[in-house]
Amino acid sequence: MENQLFTISVFTENQVSLLHQISMIFSRRCLNIESLSVSACSIPGVHKFTITCCSYRAMMEHVVKQIEKRIDVLKAFLHTDDEIVFQEVALYKVPTASVLESNIEDIVRGNGARVLEIHPEYTVFEKTGHTDEITELFDKLKVLGLRQFVRSGRIAVTKAPEELVSDYLDRQERRRQDINNE
Amino acid sequence: MSEKITGSEILIRALIDQGVDTVFGYPGGTIMPVYDRLYDFTDRIRHYLARHEQGAIHAAEGFARASGKPGVVIATSGPGAMNLTTGLNDALMDSTPIVAITGQVQSALLGKDAFQESDVVSVMLPVTKWAIQVRRPEDIAPAVARAFYIASSGRPGPVVIDIAKDAQTNMAEYKFEPCTFIRSYDPDPEIPEQVLSEAAAILNEAKRPMILAGHGITIAKAEEELISLAEKADIPVGCTMLGLSSIPSGHPLNKGLLGMHGNLGPNINTNKADVILAVGMRFDDRVTGDTSKYAPSAKIIHIDIDASEFDKTVKSNLHIHASAKTALSKLLPLIEPQKRSEWVDSFSQHEEVESERVMKREIEASTPDGKMLMGEVVNKVSEAFGHDAILVTDVGQNQLFSVRYFKFKSPRSCISSGGLGTMGFGLPAAIGAKIGVPYRNVVLFVGDGGLQMTIEELGMIMEYNVNVKIVLLNNNFLGNVRQWQHLFFNSRYSATPMVNPDFKTLASAYGIAAEDVPHRDNLDEAISRMVAHDGAFLLNVNIDEEDMVFPMTPGGHGVDEILLNSKEYYKPV
Ligand SMILES: Cc1ncc(C[n+]2csc(CCOP(=O)(O)OP(=O)(O)O)c2C)c(N)n1
């Protein structure tokens, strides 16, 4: 039962209290959420939570079922890194003076970063990538006197051709029609 | 356009449209508009005033479990709502349909620590199937429809509707549409044909199959299907505590109670079986003991309406995601008729040992001072009601003895706090059960500890003349804890001796007939008087405090490692 990083995607209705309903399932089991990102997904009215958590597979499978059991949750899925394409975004704020003294081109080109804003006082870089890539740039900019740093939660899409929740929604739509025809 | 009515009236009309005629509750500031409307509908809805909100919700649970209908409970905000928490958790653990309606402070005051404001939805989410706050009168009827649908479909459970006071007093049009579908919820999943045929093949090939019957059978009203399948394939049945009345006690294939204090036969043979068909049960740790030693030679087929139960504590080879009724009725035609006499008979050697070594000394007890044993009392009371009463228990030795020694003829006859083990459940649940099914006898077995946790509900019995028979198994101890102290804590009886009131006088103060039974010689006649009495009755029975529940599988042991008494493990020959 070795721990590894899992990604859970949860599709829900867009309603009050869902974050609480999902997070309590983790806290009850003393599981730490590593990152969390929530927004509307490609299907109108459906929201998607992307959660990463370090644990063992049986525990994560159990958690996914517990999440799915909540009434307002449509469907939840468990992924390992090889099953998804994922990304994080980070913003770095560095004193402009020290940026000018360094090799900006190397920072931008060498790390696939972008400059978002240049101000006489500070410069803001943006980088999207995997956790370790973002950390690498963090280490480099730290030497330049990094003033602020923020990193988003992981976002991910699966390698499957469609949103995984579509099947479920189709099935439920058929059920709804059957019930109405009864 | 239809006329506008207050949110309170919308609530009450929606309850009536939902088929509700009985509610339990307790008023207070933020729910007063609802109580005021209720006053106009007393011909349609009967309100039972509990003496504590915990009593109200346990009564609603008893009502639901006996009648099969959702139980409704109403409370005020803050302390009223918080007093429901234990009952909601109890109902969640035991899959009991409860709709709890709580008052809430005015919307404008929410989040500002207003007088009697509690964050009800946040507190209740972990102990309910669903919870919602309503702030507008037009949202009340849809919330009620959704609440009842969620509470009573799929795996039933408790739901909360928290209604701000202004939503109760503001006006809206009333329109009621029952809820039959929620996009994010499928309480009636289809079973793939292939799963059914696989399950049938496994069962048809089995040499030593066993059925584990859980609460899901009672909930889905699948008793007939269970018995038909067991009989057709000659499969012995072991019952979980809450599954006990799903097959009559006297049925030759009913091999008794599973788990920690269950019968020897079904526990030993769980580990001999080659196939286990688990129906509407969740492999609770009190049933399985150490799961690493559980059913080592069995293929397990698990039927449950709640997909999150699959592989939760015990891995199954095949799971059928459906209600017990749907699954069993679809399996039945695929099952070959068979005789498995040798396997079925293999239970009897264990039954004989248990009868001889455990039950006899309990039932035919002879203590020198005439103090009685719980098993003996339960056995006699069960018999006095023709083994066909509804058993309600509290928690503790009284519960374990009564589920072991009480007998059942009809379904829906065993009401006990199984999952949460809530002391104080018994008295109000018995009251609710009797209100739910007035034509049946309801007998409560309760300890002196548990009775005092909700003893205020004697007031409900008094006010509403509820005919429940209360058998107080009074050992002047928190008996179950005492038993564990004796077995595992060197008989150090820390905080378990009880200094008790005079229960007979207490009952009399409520106008409830009562009798002390100090000595075994008085027992038979006292029971007869209790049965004959037309109305509630409390029998205060003098129980020997040394009495302990056996057999017992101590914590951390395998299901077949069973103590026959405090010193000796059972060694089957
Ligand atoms: C609300 C609650 N508090 C504590 C317990 C722990 N507990 C389980 S059994 C028991 C003793 C019950 O004593 P009594 O009601 O006298 O019944 P007996 O075991 O003697 O039959 C206790 C304290 C519990 N189950 N529920």
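Residues numbered from 1 in each chain as written. Chains lettered and ligands numbered in written order. Predicted model: local features only at pLDDT ≥ 70, side-chain atom pairs only at ≥ 80, totals over all residues. Heavy atoms only, no water.

Undergrad: Is there a simple way to think about the overall build of chain A in this case?
TA: Scanning chain A from N- to C-terminus turns up six helices and nine strands. In summary, chain A has a C-alpha radius of gyration of 20 Å against a globular reference of 16 Å for 182 residues, an excess of more than 25%. In chain A, which comprises 182 residues, the share counted as buried stands at 43%. Looking at chain A alone, contacts between residues at least 24 apart form 75% of all its contacts between residues at least 6 apart. Looking at chain A as shown, the accessible area adds up to about 10,100 Å², and 51% of this sits on carbon and sulfur atoms. Side-chain charges in chain A split into 22 positive and 27 negative, and the spacing between the mean points of these groups amounts to 5 Å. (Helix = DSSP H or I, 4+ residues; strand = E, 2+ residues; numbered from the N terminus. Rg over C-alpha atoms; globule rule 2.2 N^0.38 Å. Buried < 20%, exposed > 50% of the residue type's maximum accessible area, 1.4 Å probe, protein only. Contact = heavy atoms within 4.5 Å. Areas by Shrake-Rupley, 256 points an atom, 1.4 Å probe, with all protein chains shown as cover. Lys, Arg positive; Asp, Glu negative; His and termini not counted. Charge placed at Lys NZ, Arg CZ, Asp CG, Glu CD.)

Undergrad: So what exactly am I meant to see when it comes to the site of the ligand here?
TA: All names here are of chain B. Around the ligand, the structure places 18 residues, and the nearest of them are Gln397, Asn398, Gly421, Gly450 and Gly479. Measuring from an oxygen atom of the ligand, one finds a backbone N or O atom of Asn398 at 2.8 Å. Between a nitrogen atom of the ligand and a main-chain N or O atom of Gly421, the distance comes to 2.9 Å. Calculation on the ligand without its partners gives an accessible area of 590 Å², and the protein chains cover 76% of this total. Every element with two or more residues in the shell around the ligand is listed here: α18 (397–405), α20 (448–453) and α22 (479–488). No other element matches α20, which puts four residues into the shell around the ligand. (Near = heavy atom within 4 Å. Polar contact = N/O pair within 3.5 Å; in protein donor to acceptor, adjacent residues only side chain to side chain.)

Undergrad: Quick question: what am I supposed to make of the sheet that holds strand β6 (residues 130–134) of chain B here?
TA: The strands making up a sheet associate through hydrogen bonds between their backbones, and the pairing can be parallel or antiparallel. Residues and elements named next belong to chain B. Read across the open sheet, the six strands follow the order β3-β2-β4-β5-β7-β6; overall the sheet is parallel. Across the chains shown, the open sheet's two edge strands, defined by having one partner strand only, are β3 (46–49) and β6. Taking each pair of neighbouring strands and ignoring which way they run, the sheet shows an average axis angle of 20°. Note: strand β4 (residues 71–75) against strand β5 (residues 98–104), five bridges, orientation parallel. (Pairing = 2+ DSSP bridges. Axes fitted to C-alpha atoms, helices over the stretch in contact; angles between N-to-C directions.)

Undergrad: Help me understand the interface of chain B and chain A in this model?
TA: Accessible area lost on assembly of the parts is the figure often given for the size of an interface. Every contact between the two is made by 24 residues of chain B and, on the other side, 23 residues of chain A. A buried area of about 2,000 Å², summed over both sides, lies between chain B and chain A, and 51% of it is on carbon and sulfur atoms. Put simply, chain B and chain A have four salt bridges between them. Two residues, Lys69 of chain A and Asp306 of chain B, come together in a salt bridge whose shortest N-O distance is 2.8 Å. Here the element with the most residues in the side of chain B that touches chain A is helix α7 (residues 140–152) of chain B; it accounts for three residues. (Buried area = accessible area lost by both parts, 1.4 Å probe. Salt bridge = Lys/Arg side-chain N within 4 Å of Asp/Glu carboxyl O.)

Undergrad: Teacher, can you tell me more about the domain arrangement of chain B here?
TA: All names here are of chain B. Domain parsing of chain B yields domain 1 (4–173), domain 2 (193–348) and domain 3 (366–542). Between the C-alpha centres of domain 1 and domain 3 the distance comes to 30 Å. Domain 1 puts 26 residues into the contact, and the matching count from domain 3 is 28 residues. Looking at the side of domain 1 facing domain 3, the largest losses of area belong to Arg51, Arg65 and Ala66, adding up to 29% of the total buried there. Between the two partners, domain 1 and domain 3, sit one salt bridge. In this structure, Glu463 engages Arg51 in a salt bridge whose closest nitrogen and oxygen atoms are separated by 2.9 Å. Counting the contacts that link domain 1 with domain 3 gives 11 residue pairs in polar contact (both at pLDDT 80 or more). Counting only elements with at least two residues in the side of domain 1 that touches domain 3, the list comes to β2 (22–25), β3, α3 (53–67) and α5 (85–93). Here the side of domain 1 that touches domain 3 gets 11 residues from one element, more than from any other, and that element is α3. Each residue belonging to the side of domain 1 that touches domain 3 can be placed in one class, and the counts come to nine nonpolar, 11 polar and six charged. (Domains from an automatic or database assignment. Nonpolar A, V, L, I, M, F, W, Y, C, P; charged D, E, K, R; others polar.)

Undergrad: So what exactly am I meant to see when it comes to the pairing of strand β5 (residues 84–95) of chain A here?
TA: Looking down a regular strand, the side chains alternate between one sheet face and the other. Residues and elements named next belong to chain A. Across four bridges, the pairing between β5 and strand β9 (residues 155–158) is antiparallel. By the bridge assignment for β9, Ile84 is matched with Thr158. Taken together, the eight bridges between β5 and strand β7 (residues 122–129) define a ladder with antiparallel strand orientation. Looking at β7, one finds that Lys93 is bridged to Val124. In this sheet, strand β8 (residues 148–151) lies alongside β5 in antiparallel orientation, the contact comprising four bridges.

Undergrad: Is there a simple way to think about the environment of Pro192 of chain B in this case?
TA: Examined against the element boundaries, Pro192 of chain B turns out to sit in the loop between β8 (171–173) and α9 (193–205). Separated by 263 residues in sequence, Pro192 of chain B and Ile455 of chain B place their C-alpha atoms 50 Å apart.

Undergrad: How do you make sense of the domain arrangement of chain A when you look at a structure like this?
TA: Here the domain parsing of chain A yields domain 1 (4–79) and domain 2 (85–151). Relative placement of domain 1 of chain A and domain 2 of chain A: their C-alpha centres are 31 Å apart.

Undergrad: Teacher, can you tell me more about the nonpolar core here?
TA: Soluble globular proteins tend to pack their nonpolar side chains together in the buried interior. Leu277, Ile320 and Leu331 of chain B are the most contacted members of the largest nonpolar core, which has 82 residues in total. Per-element accounting of this core gives the leading share, six residues, to α9 of chain B. Shared between two domains, this core holds at least three residues of each, these being domain 2 (193–348) and domain 3 (366–542) of chain B. Formed by 74 residues, the second largest nonpolar core is a distinct cluster that contains Met24 of chain A together with Val127, Val160 and Val392 of chain B. (Core = buried A, V, L, I, M, F, W, Y, C linked by side-chain atoms within 4.5 Å.)

Undergrad: Would you mind showing me how to read the sheet that holds strand β17 (residues 442–447) of chain B here?
TA: All names here are of chain B. Read from one edge of the open sheet, six strands run β16-β15-β17-β18-β20-β19, paired in parallel fashion. The open sheet is flanked by β16 (414–415) and β19 (513–517), the only strands paired with a single partner. Here strand β15 (residues 390–393) pairs with β17 via four bridges, running parallel. Its bridge partner being in β17, Leu391 is matched across the sheet by Val443. Strand contacts of α18: β15, β16, β17 and β18 (469–474), with the helix running at about 155° to β15, the strand carrying the most contacts. Together, β15, β16, β17 and β18 form the strand contacts of helix α19 (residues 426–436), whose direction differs from that of β17 by roughly 175°.

Undergrad: How do you make sense of the packing of α3 of chain B against α5 of chain B when you look at a structure like this?
TA: Between two packed helices, what matters for the description is the angle formed by their axes and the separation of those axes. Residues and elements named next belong to chain B. Interhelical geometry of α3 versus α5 gives an angle of 20° and a closest axis separation of 8 Å. Our classification of the angle between α3 and α5 gives roughly parallel. In this structure, α3 meets α5 at a crossing whose hand is right-handed. On the side of α3, the interface is formed by Gln54, Ile57, His58 and Glu61, while α5 contributes Thr86, Gly87, Leu88, Asp90 and Ala91. In the contact of α3 with α5, the residues fall into three nonpolar, four polar and two charged. (Parallel < 35°, antiparallel > 145°, perpendicular 65-115°, else oblique. Left-handed = near helix turned anticlockwise from the far one by under 90°.)

Undergrad: Help me out: how do you make sense of a nonpolar patch on the surface in this one?
TA: Residues and elements named next belong to chain A. Taken together, the side chains of Val89, Leu91, Leu116 and Val150 make up a nonpolar region of the molecular surface, amounting to roughly 300 Å² of accessible area. Within the element layout of this structure, Val89 appears in strand β5. Look at Val89 and you get partly exposed, because its relative accessible area is 33%. (Patch = residues over 30% accessible without salt bridge, like charges linked within 9 Å, V, L, I, M, F, W, Y side chains within 5 Å.)

Undergrad: Help me out: how do you make sense of a negative patch on the surface in this one?
TA: Residue and element names in this part refer to chain A. On the surface, a cluster of negative charge is made up of Asp132, Glu133, Glu136 and Asp139. By secondary structure assignment, the location of Glu136 is in helix α5 (residues 131–142). The exposure class of Glu136 is partly exposed, given its relative accessible area of 47%.

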